Amino acid sequence: MEAKSCDIAAIYSMYSQTKQDLPVVVLDLRPYKDFRAQHLCLSFCVRLSNNKEFLADYSKSSYDMVWKQGLWWGKDVFIYGEEGLKKDHPVIDFLAKENQCRSLRYYRHGFESLESSLPFLCTASVKAGSARRLPSALSYGELYLGDWDHATDSRVLSDLHIGAVVTAHNNAETLKLAGTCSVSGGPIQHMRIEIPDIEAADM
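Every value quoted in this text rests on a predicted model; they were computed, and no experiment measured them.

A. Representation of the side chain of Ser43 in the model. When you line up the elements, Ser43 lands in strand β4 (residues 43–48). Within polar-contact distance, the side chain of Ser43 engages the backbone oxygen of Leu40 at 2.7 Å. A polar contact of 3.0 Å, which involves the side chain of Ser43, links it to the side chain of Tyr80. Beyond its immediate stretch of four places on either side in the chain, Ser43 contacts Val26, Asp28, Phe35, Ser59, Tyr63 and Tyr80.

B. Quick look at a nonpolar patch on the surface. A cluster of nonpolar side chains, namely Leu138, Leu143 and Leu145, defines an oily patch on the protein surface of about 310 Å² accessible area. The topology assignment puts Leu138 in strand β9 (residues 136–139). Owing to a relative accessible area of 56%, Leu138 belongs among the exposed residues under this scheme.

C. Spatial organisation of the sheet that holds strand β2 (residues 24–28). Spatially, 6 strands are ordered β1-β7-β6-β2-β4-β5 in an open sheet, and the strand pairing comes out mixed. The open sheet has two edge strands, β1 (4–5) and β5 (55–57), and neither has a second partner. Looking at chain direction, β4 and β5 are connected through 3 bridges and run antiparallel. Each bridged residue has a counterpart across the sheet, and for Arg47 the counterpart in β5 is Ala56. Seen against the sheet, helix α3 (residues 90–98) touches β2, β4, β5, β6 (76–80) and β7 (103–106) and runs at an angle of roughly 90 degrees to β4.

D. Spotlight on the environment of Ile195. Looking at the element boundaries, Ile195 is found in the segment after β12 (189–194). Considered as a pair, Ile195 and Ala168 are 27 residues apart in the sequence and their alpha carbons are 5.9 Å apart.

E. Structural view of the pattern of salt bridges. For the structure shown, the criterion picks out 7 salt bridges. One salt bridge in this structure joins Lys87 and Glu2, with 3.6 Å as the shortest N-O distance. Of this pair, Lys87 sits in the loop between β6 and α3 while Glu2 sits in the segment before β1, and the two are 85 residues apart along the sequence. Taking the relative accessible area as the measure of exposure, Glu2 reaches 52% and is therefore exposed. The salt bridge partner of Arg102 is Asp76, with a shortest N-O separation of 3.1 Å. With Arg102 in the loop between α3 and β7 and Asp76 in strand β6, this residue pair connects regions lying 26 residues apart in the sequence. Judged by its relative accessible area of 17%, Asp76 is buried. Bridged by salt links that share partners, the residues Arg133, Asp147 and Asp149 form one connected network.

About the cut-offs
Residue positions within a chain follow its written sequence, with the count starting from 1. Where totals are concerned, whole chains, interfaces and linings use all residues; where local detail is concerned, this predicted model gives features only for residues with pLDDT of at least 70, and gives and counts side-chain atom pairs only at 80 or more. The side-chain figures draw on all heavy atoms in the structure; neither hydrogens nor water molecules are used. Per the convention used, a helix needs a DSSP run of H or I reaching at least four residues, while a strand needs a run of E reaching at least two, with both numbered from the N terminus. Residues adjacent in sequence count toward polar contacts only when both atoms are side-chain atoms; beyond that, a polar contact is any pair of N or O atoms within 3.5 Å, and within protein one must be able to donate a hydrogen and the other to accept it. By the convention used here, residues are in contact when the closest approach between their heavy atoms is within 4.5 Å. Put simply, a patch holds well-exposed residues, over 30% relative accessible area, that have no salt bridge, with like charges counted together within 9 Å and Val, Leu, Ile, Met, Phe, Trp or Tyr side chains within 5 Å. Computed with a 1.4 Å probe, the accessible areas rest on the Shrake-Rupley method; for each residue, only the protein chains presented here act as cover. Salt-bridge detection follows one rule: a side-chain nitrogen of Lys or Arg within 4 Å of a carboxyl oxygen of Asp or Glu. The rule is simple: take the accessible area with a 1.4 Å probe, protein chains only, and divide by the maximum for that residue type; under 20% is buried, over 50% is exposed, in between is partly exposed. Strand pairing is assigned whenever DSSP detects at least two bridges linking the two strands. Each axis is a line fitted through C-alpha atoms, and for a helix only the stretch in contact is used; angles between axes span 0 to 180 degrees, taken between their N-to-C directions.

Next up, the structure:
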């Protein structure tokens, strides 16, 4: 199996529309002291054993997805660590040669870059439910698809730098974004479209 590098947009998509656990197994390759301070939500802190036969988890997590050998089998796996991470890292190489995950992706630019780009996905928590539910990115940084809870969540609007909301609803005129401000401090622009909110509707 070939490990492939991915970008910030791909990482965001892993976390969008998530309530509890991810459909992706996220592995942090940094030292435990760095992991304990901050890490991506729902990630495991792993090392390859000295005999290179298994992966050990040091996260001390209580996620709904419980760590065990083979947890990643048949699943998408995402790996991050220090700046300059390469596919020849022992953990990545182990998973690639084992060839049991569905896909294997890694981020080359280090956790500091992740924290700068996606600070709202970083936490010190190792508890279940630490990931927030986020809208899907139709075009990351420009256009998102979410629901009314997303549209009225000031943290989502601020974190994603959203300045305008389009609402499609049977009674769109009754929905207001009262008191919601954009990153610039001004009111969020709100366009309301009266249309059945069903798949068959011509949006």
